[in-house]
Amino acid sequence: MKIAVLGATGPSGIQVIKEALEREHEITAIVRNPDKLTENHENLKVVKANIFDAESLVPHLTGQDAVLSCLGCTPSWLSLWTVTFYMDSVKPVVTALRRANVNRFIFMSSWYTKNNSGEPFFMKWIIKPLFLGQSLKNMGEMEDYLEIECPDIDYTSVRAPQLSHSATTGTPVKYNEGQHVSPVSGFIISRRDVAKFMLDAAESGNFRRKCMAIGSG
Ligand SMILES: NC(=O)c1ccc[n+]([C@@H]2O[C@H](COP(=O)([O-])OP(=O)(O)OC[C@H]3O[C@@H](n4cnc5c(N)ncnc54)[C@H](OP(=O)(O)O)[C@@H]3O)[C@@H](O)[C@H]2O)c1
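Remember, it's a predicted structure, so these values are computed and weren't measured experimentally. (Residues numbered from 1 in each chain as written. Predicted model: local features only at pLDDT ≥ 70, side-chain atom pairs only at ≥ 80, totals over all residues. Heavy atoms only, no water.)

1. Quick notes on the overall build of the protein chain
Rules: Secondary structure elements follow DSSP: runs of H or I of four or more residues count as helices, runs of E of two or more count as strands, with numbering from the N terminus. We compute the radius of gyration from the C-alpha atoms alone; for a globule the expected value is 2.2 Å times N to the 0.38, where N is the number of residues. Only protein chains enter the area calculation, which uses a 1.4 Å probe; residues under 20% of their type maximum are buried, those over 50% are exposed, and those in between are partly exposed. For this analysis, residues touch if any pair of their heavy atoms sits within 4.5 Å.
Per the secondary structure count, the protein chain includes five helices and 10 strands. In summary, the protein chain has a C-alpha radius of gyration of 16 Å against a globular reference of 17 Å for 217 residues, a match within 12%. Along the first, second and third principal axes, the C-alpha set of the protein chain runs to 45 × 35 × 35 Å. In the protein chain, buried positions account for 53% of the 217 residues. Nonlocal contacts in the protein chain, meaning residues at least 24 apart in sequence, comprise 76% of its contacts between residues at least 6 apart.

This is the structure we're talking about:
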């Protein structure tokens with residue numbers, strides 16, 4: 001397949017690149033700083049574009065079978081009040097997908113993007129209010145935007161729990177629709193296993209227009 005990867009310089013993005021190259025896909029890594037991506041492969045093209053500017057993305061999305069996104073923003077003290085990164089980036093990406101005539105879009109999100117979504121006590125009363133609440137809220141808004149305003153986009157939201165750098169476990173990930181893997185388990189997952197799930201979804205065409213919670217097997 002021809003696959004474009006956004007957020008390819010991040011720790012999950014690089015795992016998507018490695019896994020996709022092992023599977024012999026043709027990859028276009030769309031990045032803001034090409035020097036940051038040190039991976040070299042004949043099936044890997046690295047291009048520079050601005051994720052907030054649809055026009056700069058269109059030429060690189062044209063001809064792709066799917067676009068995979070591992071974009072994320074680094075939390076700062078401002079994130080306590082508001083995070084708009086996910087909505088600010090998904091809108092131009094969707095505009096570019098439409099102009100490029102690509103409708104398969106698989107992106108990383110998180111468990112517990114919605115409030116009162118079965119969060120454990122610590123997540124609901126400590127982590128969300130003090131750290132991740134606004135990021136998760138904005139990811140949830142991105143999912144709602146795709147569900148409600150983008151009926152033409154075959155999106156899959158890959159809702160991950162805490163990510164690790166560890167190697168793949170080799171066991172199949174658990175998954176289901178919803179805010180978390182149910183019953184709650186597998187709440188630390190290797191980024192490589194997330195990458196495998198995203199590529200499996202791209203290759204199979206499964207999970208179109210669905211939000212899939214995943215966890216380690
Ligand atoms: N960390 C966790 O435990 C966890 C759990 C669940 C879900 N998630 C979500 O999973 C996703 C991936 O997380 P991660 O930790 O692997 O990666 P990350 O550190 O969030 O990587 C972010 C990627 O987005 C790119 N990016 C950020 N701002 C950009 C901008 N303005 N323009 C262009 N590119 C930009 C970065 O590019 P540069 O390299 O150029 O900065 C990098 O490639 C994120 O959405 C994260 O919120 C994380």
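2. So, the packing of helix H2 (residues 54-61) against helix H3 (residues 85-100)
Each pair of packed helices can be described by the angle between their axes along with the distance between the axes. In plain terms, the rule: Axis lines are fitted through C-alpha atoms, for helices just across the contact stretch, and the angle between N-to-C directions can take any value from 0 to 180 degrees. Roughly parallel here means an angle under 35 degrees, roughly antiparallel means over 145, roughly perpendicular means 65 to 115, and every remaining angle is called oblique. Handedness of a crossing follows from how the near helix is turned relative to the far one, being left-handed for an anticlockwise turn of less than a right angle and right-handed for a clockwise one. Charged residues are taken to be Asp, Glu, Lys and Arg, nonpolar residues to be Ala, Val, Leu, Ile, Met, Phe, Trp, Tyr, Cys and Pro, and polar residues to be all remaining types, Gly included.
Where H2 meets H3, the axes come as close as 8 Å, and the angle between the chain directions of the two elements is 45°. Taken together, the axis directions place H2 and H3 in an arrangement best described as oblique. Read as a crossing pair, H2 and H3 show a hand that is right-handed. Residues Ala54, Glu55, Leu57, Val58 and Leu61 of H2 form the contact with H3, whose own contacting residues are Pro92, Val93, Thr95, Ala96, Leu97, Arg99 and Ala100. Its residues assigned to classes, the contact of H2 with H3 shows nine nonpolar, one polar and two charged.

3. A look at the site of the ligand
So the rule is basically this: Neighbouring residues are identified by heavy atoms, a residue being near a molecule or strand if any of them is within 4 Å of it. Under the rule applied, a polar contact is a pair of N or O atoms within 3.5 Å (in protein, one hydrogen donor and one hydrogen acceptor; residues adjacent in sequence only if both atoms are side-chain atoms). Think of a 1 Å grid over just the protein atoms. A cavity is a set of points where a 1.4 Å probe fits yet cannot get out, a pocket is an open set with protein on both sides within 12 Å along at least five of seven lines, and lining residues have an atom within 4 Å of a point. The way we define it, a molecule is inside a pocket or cavity when more than half of its atoms are within 2 Å of that pocket's grid points.
Taken together, 23 residues surround the ligand, and among them Thr9, Ser12, Arg32, Lys36 and Leu71 come closest. The contact in question runs from an oxygen atom of the ligand to an N or O atom on the backbone of Gly72, over 3.3 Å. One of the side-chain N or O atoms of Arg191 is found 2.8 Å from an oxygen atom in the ligand. The cavity where the ligand resides is the largest pocket. Where the shell around the ligand is concerned, the elements lending two or more residues are helix H1 (11-22), H3, strand S5 (104-110) and strand S7 (162-164). The leading source of residues in the shell around the ligand is S5, at three residues. Classifying every residue of the shell around the ligand gives 12 nonpolar, eight polar and three charged.

4. Some remarks on the nonpolar core
As a reminder, the rule being used: For our purposes a nonpolar core is just a set of buried Ala, Val, Leu, Ile, Met, Phe, Trp, Tyr and Cys residues, chained together by side-chain atoms within 4.5 Å.
Leu61, Phe105 and Leu146 are the most contacted members of the largest nonpolar core, which has 33 residues in total. Per-element tally for this core: the top contributor is H3, with nine residues. If we skip the residues at most four places from it in the chain, Leu61 touches Ala4, Ile30, Val67, Val93, Ala96, Leu97, Ala100 and Val102. One finds Met108, Val194, Ala201 and Ala202 within the second-largest nonpolar core, a separate group that totals 32 residues.

5. Let's talk about the pairing of S5
Counted only if it meets this: Whether two strands pair depends on DSSP finding at least two bridges between them. Whether a crossover is right-handed depends on one test, that the path from the first strand over the helix to the second runs clockwise when the strands point away from the viewer.
A large share of S5 lies buried, amounting to seven of its seven residues. In S5, alternate side chains face the same way, and those of Arg104, Ile106, Met108 and Ser110 on one face and Phe105, Phe107 and Ser109 on the other are all buried. With three bridges joining them, strand S4 (residues 66-69) and S5 adopt parallel strand pairing. Looking at the pairing, Leu68 lines up with Ile106 of S5. Once you follow S4 into H3 and on to S5, the crossover reads as right-handed. Two strands pair when backbone bridges link them, and S5 and strand S6 (residues 154-160) are joined in this way by seven bridges, in the parallel orientation.

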